[in-house]
Amino acid sequence: MNKKYKGIVYIIISAFCFAFMNLFVRMSGDLPSIQKSFFRNFVAVFFALAVLIKNKNGFHWKKGNMKYLLLRAGFGTFGILCNFYAIDHIALADASILNKMSPFFVIIFSYFILKEKVTFAQGSAVLIAFIGSLFIIKPSFQNVDIIPSIMGFIGGMCAGLAYTMVRLLGQRGEKGAFIVFFFSAFSCIVILPYVIFNFVPMEWWQLLCLLGAGLAATGGQFSITAAYCYAPSKEISVYDYSQIIFSTLLGFIFFGEIPDIYSFIGYFVICAMAIYMFMYNNKIGFFKVKSK
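Given the structure is predicted, the values throughout are model-derived calculations rather than measurements.

Asks: So, the packing of helix H2 (residues 33-55) against helix H3 (residues 66-89): which residues are in play, and what are the values?
Replies: Orientation of H2 relative to H3, taken along the N-to-C sense of each, is 120°, at an axis distance of 9 Å. It follows that H2 is oblique to H3 by the angle criterion. Crossing of H2 over H3 shows right-handed handedness. Here Ser33, Ile34, Lys36, Ser37, Arg40 and Asn41 of H2 lie close against H3, whose contacting residues are Ile80, Leu81, Phe84, Tyr85 and Asp88. Looking at the contact of H2 with H3 residue by residue, the classes come out as 5 nonpolar, 3 polar and 3 charged.

Asks: Could you give me a rundown of the pattern of salt bridges, with the residues and numbers involved?
Replies: Any two side chains of opposite charge can pair, so long as their charged atoms come close to each other. Throughout the structure, instances matching the rule amount to 5 salt bridges. For Arg26, the salt bridge is made with Glu257, and the minimal N-O distance between the two is 2.7 Å. Residue Arg26 is found in helix H1 (residues 3-27), and its partner Glu257 is found in the loop between helix H11 (242-255) and helix H12 (261-281); the two are separated by 231 residues along the sequence. Judged by relative accessible area, which is 15%, Arg26 ranks as buried. According to the relative accessible area criterion, Glu257 is buried, its value standing at 17%. Where Asp240 meets Lys100, a salt bridge forms, and the shortest distance between an N and an O atom there is 2.8 Å. One end of the pair, Asp240, is in the loop between helix H10 (233-236) and H11; the other, Lys100, is in the loop between helix H4 (92-99) and helix H5 (102-113), with 140 residues separating them in the sequence. Note on accessibility: Asp240 and Lys100 belong to one class, buried.

Asks: Explain the packing of aromatic side chains to me, using residue names and the numbers behind them.
Replies: Under the criterion given, the structure shown has 15 aromatic pairs. On the basis of an interplanar angle of 80° and a centroid distance of 5.0 Å, the ring pair of Tyr111 and Phe112 is categorised as edge-to-face. Overall, the relative accessible area of 43% leaves Tyr111 in the partly exposed class. The cationic tip of Arg72 hangs over the ring face of Phe183; the distance from NZ or CZ to the ring centre is 4.1 Å.

Asks: Just give me the short version of the environment of Gly155, but keep the residues and values in it.
Replies: In this fold, Gly155 is placed in helix H7 (residues 146-171). The class of Gly155 is buried, set by a relative accessible area of 0%. Put simply, Gly155 and Asn99 are 56 residues apart on the chain and 6.1 Å apart in space, counted from C-alpha to C-alpha. Setting aside chain neighbours within four positions, we find Gly155 in contact with Gly79, Cys82 and Asn99.

Asks: If you had to explain the environment of Ile270 to someone new, which residues and values would you point to?
Replies: Structurally, Ile270 is set in helix H12. For Ile270, a relative accessible area of 0% translates into the label buried. In sequence terms Ile270 and Ile34 are 236 residues apart; their C-alpha atoms lie 28 Å from each other. When residues no more than four places from it in sequence are discounted, the contact partners of Ile270 are Ile97, Met101, Phe104, Ala129, Gly132, Ser133, Ile136 and Tyr241.

Asks: Before we move on, could you go through the nonpolar core and cite the residues and values that matter?
Replies: Met21, Ile97, Leu98, Met101, Phe104, Phe181 and Ile270 are the most contacted members of the largest nonpolar core, which totals 69 residues. No other element matches helix H8 (residues 176-197), which puts 11 residues into this core. Setting aside residues no more than four positions away along its own chain, Phe104 makes contact with Ala125, Val126, Ala129, Tyr241, Ile270, Met273, Ala274 and Met277. One finds Ile8, Ile11, Ala231 and Ile236 within the second-largest nonpolar core, a separate group that totals 5 residues.

Asks: Can you lay out the side chain of Ser223 for me, pointing to particular residues and giving the numbers?
Replies: Position of Ser223 among the secondary structure elements: in helix H9 (residues 204-230). Polar side-chain contacts of Ser223 include one of 2.7 Å to the backbone oxygen of Gly219. Beyond its immediate sequence surroundings of up to four residues, Ser223 is in contact with Tyr10, Ile13 and Ser14.

Parameters at a glance
Residues numbered from 1 in each chain as written. Predicted model: local features only at pLDDT ≥ 70, side-chain atom pairs only at ≥ 80, totals over all residues. Heavy atoms only, no water. Axes fitted to C-alpha atoms, helices over the stretch in contact; angles between N-to-C directions. Helix = DSSP H or I, 4+ residues; strand = E, 2+ residues; numbered from the N terminus. Parallel < 35°, antiparallel > 145°, perpendicular 65-115°, else oblique. Left-handed = near helix turned anticlockwise from the far one by under 90°. Contact = heavy atoms within 4.5 Å. Nonpolar A, V, L, I, M, F, W, Y, C, P; charged D, E, K, R; others polar. Salt bridge = Lys/Arg side-chain N within 4 Å of Asp/Glu carboxyl O. Buried < 20%, exposed > 50% of the residue type's maximum accessible area, 1.4 Å probe, protein only. Phe/Tyr/Trp six-rings, centres within 6.5 Å; stacked < 30°, edge-to-face > 60°. Lys NZ or Arg CZ within 6 Å of the ring centre and 35° of its normal. Core = buried A, V, L, I, M, F, W, Y, C linked by side-chain atoms within 4.5 Å. Polar contact = N/O pair within 3.5 Å; in protein donor to acceptor, adjacent residues only side chain to side chain.

Geometry only, nothing functional implied.
Structural data, given as structure tokens:
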């Protein structure tokens, strides 16, 4: 198996893990999203810590990177809180696809922060994907799910900004394991006071679900890191959208959820734009004409 196919396998495993993370978060029941987020990141701290110790990377950062680490951790934490709130209140597939708006936001933030050029094709894909998200959010005063849908959209936007910071940190020589550790530890520390003073007692099965969410999230993080070590994002990122298939199936099997026609239209539009960007980045089909 060549490196590209290994990358594809790992990114599909990552999508599978994140779909199960969403499932465990929903199955943990009526608990505050902040409390759920704490346990999700608490598990990740220990796994990232183990990797740092094993690789003897230490707990230091490159000079000048602290502000970017804080931005990555801050927006990443807020993005998770928004995503978990959406998971608890709308269909799993809807919450997953809104969170998958993050690659399109990476394009926007990379233009402003990293000064990377945005082509007409990329800008068009972002605009059309945004229109697709409106089919899922269904903005109207009659839609009782509009608040959690908007939170899911904001979560995807924050994730896009956090991933832009990860990209910037990678360019500045920061190790991936330390970025994961710093983010997870920061999130736990920030959330801990709320959890202490507003802790909601849990049944054993709720704790088990949250630990399962943490394990699934950790598996997803390390799998996607491995995927991008084997192949560049432009070659494999489209396969990350397999999470929508997994989430739709899990939502139907465990909760009997069937997304409405507008949501399916939104899924199609966003996934179509992801495939379009994949073809554009790899000069496939029509885009071969412009390869020279």
